[in-house]
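For reference, the chains in residue letters:
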Amino acid sequence: MNTLLTLNPLKLQTTHTSHIYRKPTYSYTPTSCKLSSKDTTTKNKVVVPGSAPSLSEQDNGPTPPPPPKLPPKKNTFVKRFSKKVLSALANLPLALGEMFTIAGLMALGTAIDQGEAPEYYFQKFPEDNPVFGFFTWRWILTLGFDHMFSSPIFLGTLILLAASLMACTYTTQIPMVKVARRWSFLQSANTIRKMEFSDSLPKASIQDLGVVLSGAGYEVFLKGPSLYAFKGMAGRFAPIGVHLALLLIMGGGTYTATGSFRGSVTVPQGLNFVMGDVLGPNGFLSTPTEAFNTEVHVNRFYMDYYDSGEVSQFHTDLSLFDIDGKEVMRKTISVNDPLRYEGVTIYQTDWSISALQVLKDGEGPFNLAVAPLTVNGDKKLYGSFLPIGNTDSTNVKGISMLLRDLQSVVLYDQDGKFVGVRRPNSKLPIEIDGTKIEIVDAIGSSGLDMKTDPGVPIVYAGFGALMLTTCISYLSHTQIWALQDGTTVVVGGKTNRAKVEFPEEMNRVLDRVPEINEPSDALCG
């Protein structure tokens, strides 16, 4: 009669008083095998389920039905095509090329003034004098380089890079994490000895090694005579976090480029404007908010000066009023100190002079318009004119006034000769061609830039996550295997970083494993 042997699993016994090495004990239980026969004269045959019948059975018995046909696999082409696409997108040279392309487009967008009228580009990049021999305004307006960061080329490259990052995460990083999280026990001492680091501990217990490794911060798993330990799993997750952080940064930047509002305005002191009248949409996702109904009033504009007389800083005192005319906010802004209100940011970016208030022979004050004459970098010059005599004449003469800033006015008579300098609010009149003139005030205008950046919180979160995950990625993921081989423990391990420090760390750990002086029944080969 055929029999099946059932092996009892090896049981590890540990005592605290003595250590005795015992060989594994095997037991068996006789088990009857089922015999099938057609009659008493035929030989016994063991029937294995699922095997094909013998020729004698095919001749003597009915023909069995053919095995059922498996349905054809569906979506095979789609799966293969998807796999090829993911493999192509996850290609590292492609991702690097996308990043360099984005960097080049950003540099080009910085070099080319953004958001200007077409006439500006006609003059700046004429066809009769192309840049680099070919680059003209046609390239800029056709490719959308006048609004680079919302142009189809820039956004398309961003989307392609995002797809590459997601494909790399799906095909490479996530499988690596899954493999790293698996518990893997090795049953071969030779395999362990071939690792980056390996050592043998004579007269040692694998349980003691596990306790020492646990105290060193390792996650330890024991299975019979085998041990597996690891630490630094966060380092395996870090590349996924880096990819997600980059996606957040690109998503936030794209949202800002396609969903923001921008505008600029120059407002004389004492006047006001409505936010919605200044802000213009940047992209197809731009949606106005309730803050666009807010009215902005310029209470005062003033400047700070260096000892040399040059302008050092300029300030604007602003008040915000809601639709009911209630003041909801007031702040004095300056360069690098903007005002923020419900997603709208108002920056102090420029200044000018809008009017002069003068007294003429004690009458007035009269507001004289001021116009810019020349602009040379930060050096500005403004001029005004006070007519004297018959203003209906075709040859009107008068007093000319020049201003460099708000602190002094230079006056010239009808013949263009220099007469003197007066400070606004000095209350010192000056007589020119029989007319007494007093400069009451110089009224400045505040140059304000306004914008909404709905993607800024997303970008900030992305940069914060990028810094954090980049630091975590430097953590080493270390794996250790050990096997009890008689009274000897064979230890091996590897790490993905800190290759030089890893052997030193392992030696310090192994030095703390106690040596067993007596045989133990817990040690088995």
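Reading guide: rules and limits
- Residues numbered from 1 in each chain as written.
- Predicted model: local features only at pLDDT ≥ 70, side-chain atom pairs only at ≥ 80, totals over all residues.
- Heavy atoms only, no water.
- UniProt positions renumbered as here; feature names shortened; annotations may be inferred.
- Helix = DSSP H or I, 4+ residues; strand = E, 2+ residues; numbered from the N terminus.
- Buried < 20%, exposed > 50% of the residue type's maximum accessible area, 1.4 Å probe, protein only.
- Contact = heavy atoms within 4.5 Å.
- Phe/Tyr/Trp six-rings, centres within 6.5 Å; stacked < 30°, edge-to-face > 60°.
- Pairing = 2+ DSSP bridges.
- Axes fitted to C-alpha atoms, helices over the stretch in contact; angles between N-to-C directions.
- Parallel < 35°, antiparallel > 145°, perpendicular 65-115°, else oblique.
- Left-handed = near helix turned anticlockwise from the far one by under 90°.
- Nonpolar A, V, L, I, M, F, W, Y, C, P; charged D, E, K, R; others polar.
- Core = buried A, V, L, I, M, F, W, Y, C linked by side-chain atoms within 4.5 Å.
- Expected span 1.5 Å × (residues − 1).
- Polar contact = N/O pair within 3.5 Å; in protein donor to acceptor, adjacent residues only side chain to side chain.

As recorded in an unreviewed UniProt entry, the chain goes by Cytochrome c biogenesis protein family and comes from Artemisia annua. According to UniProt, the comment filed for the chain under the heading Subcellular location (unreviewed entry) is "Membrane".

Below, the discussion takes up the overall build of the chain. Tallying secondary structure elements over the chain gives 12 helices and 21 strands in all. Among the 525 residues that make up the chain, the fraction classed as buried is 34%. A fraction of 58% describes how many contacts in the chain between residues 6 or more apart in sequence connect residues 24 or more apart.

Per the UniProt record, "transmembrane region" (unreviewed entry) is found at residues 89–112, 153–172 and 237–257. Note that residues 89–112 is 88% helix and 0% strand, and that its end C-alpha atoms are spaced 31 Å apart. From the first C-alpha to the last, residues 237–257 spans 31 Å; its make-up is 100% helix and 0% strand.

The subject of this paragraph is the packing of aromatic side chains. Following the criterion strictly, the structure yields 15 aromatic pairs and no others. Ring centres 5.4 Å apart and planes at 85° place the aromatic pair Tyr120 and Tyr121 in the edge-to-face group. Look at Tyr120 and you get partly exposed, because its relative accessible area is 27%. Ring geometry for Phe149 and Phe154: centres 5.4 Å apart, planes at 85°, overall edge-to-face. On the basis of relative accessible area, Phe149 is assigned to the partly exposed category, the value being 32%.

Attention shifts here to the sheet that holds strand S1 (residues 197–202). Strand order in the open sheet made by the 5 strands is S1-S21-S20-S3-S2, with antiparallel pairing throughout. Edge strands, defined here as strands with exactly one partner in the open sheet, are S1 and strand S2 (219–223). Averaged over all pairs of adjacent strands, the angle between strand axes in this sheet comes to 15°, irrespective of strand direction. Alignment of strand S20 (residues 478–485) against strand S21 (residues 488–495), held across 8 bridges, turns out to be antiparallel. Opposite Gln484, over in S21, you have Val489 as the bridge partner. Packed onto the sheet, helix H12 (residues 501–511) meets S1, strand S3 (226–231), S20 and S21 and runs at close to 15° relative to S1.

One way to put it is that helix H9 (residues 234–259) packs onto helix H11 (residues 456–472) with a least axis distance of 7 Å and a crossing angle of 160°. What the angle tells us is that H9 and H11 run roughly antiparallel. You can see that H9 and H11 cross each other, and the crossing is left-handed. Of the residues assigned to the contact of H9 with H11, the class counts are 15 nonpolar, 8 polar and no charged.

Bringing the nonpolar core into the picture now. A general feature of soluble globular proteins is that nonpolar side chains tend to end up buried together. Leu356, Ile399, Met401, Leu411 and Ile437 are the most contacted members of the largest nonpolar core, which totals 23 residues. Those elements that provide at least two residues to this core are strand S7 (295–305), strand S11 (344–360), strand S14 (379–388), strand S15 (397–403), strand S16 (409–412), strand S18 (430–432) and strand S19 (435–452). Ranked by residues supplied to this core, first place goes to S11 with 4 residues. Every residue in contact with Ile399, bar those within four places of it in the chain, is listed here: Ser384, Phe385, Leu386, Ile388, Leu411, Tyr412, Ile432 and Ile437.

We now examine the sheet that holds strand S8 (residues 311–321). Spatial ordering of the open sheet is given by S5-S7-S8-S9, a layout of 4 strands whose pairing is antiparallel. Single-partner strands in this sheet number two, and they are strand S5 (272–274) and strand S9 (327–334). In this sheet, neighbouring strand axes are inclined to one another by 25° on average, regardless of whether the strands run parallel or antiparallel. In this sheet, S9 lies alongside S8 in antiparallel orientation, the contact comprising 7 bridges. Bridge pairing links Leu320 to Met329 in S9.

Residues of strand S4 (residues 261–268) alternate between two faces, with Phe261, Gly263, Val265 and Val267 buried on one and Arg262, Ser264, Thr266 and Pro268 left unburied on the opposite face. Pairing between S4 and S19: 8 bridges, direction antiparallel. Directly across from Val265, in S19, lies its bridge partner Leu448.

Between its terminal C-alpha atoms helix H3 (residues 92–111) stretches 29 Å, which fits the 28 Å expected from 20 residues at 1.5 Å a residue. N-capping of H3 is provided by Asn91, with a side-chain oxygen placed 3.2 Å from the backbone N of Leu94.

Tracing the backbone shows Thr435 in strand S19. Excluding residues that lie within four positions of it along the chain, Thr435 makes contacts with Lys360, Asp361, Ile388 and Ile430.

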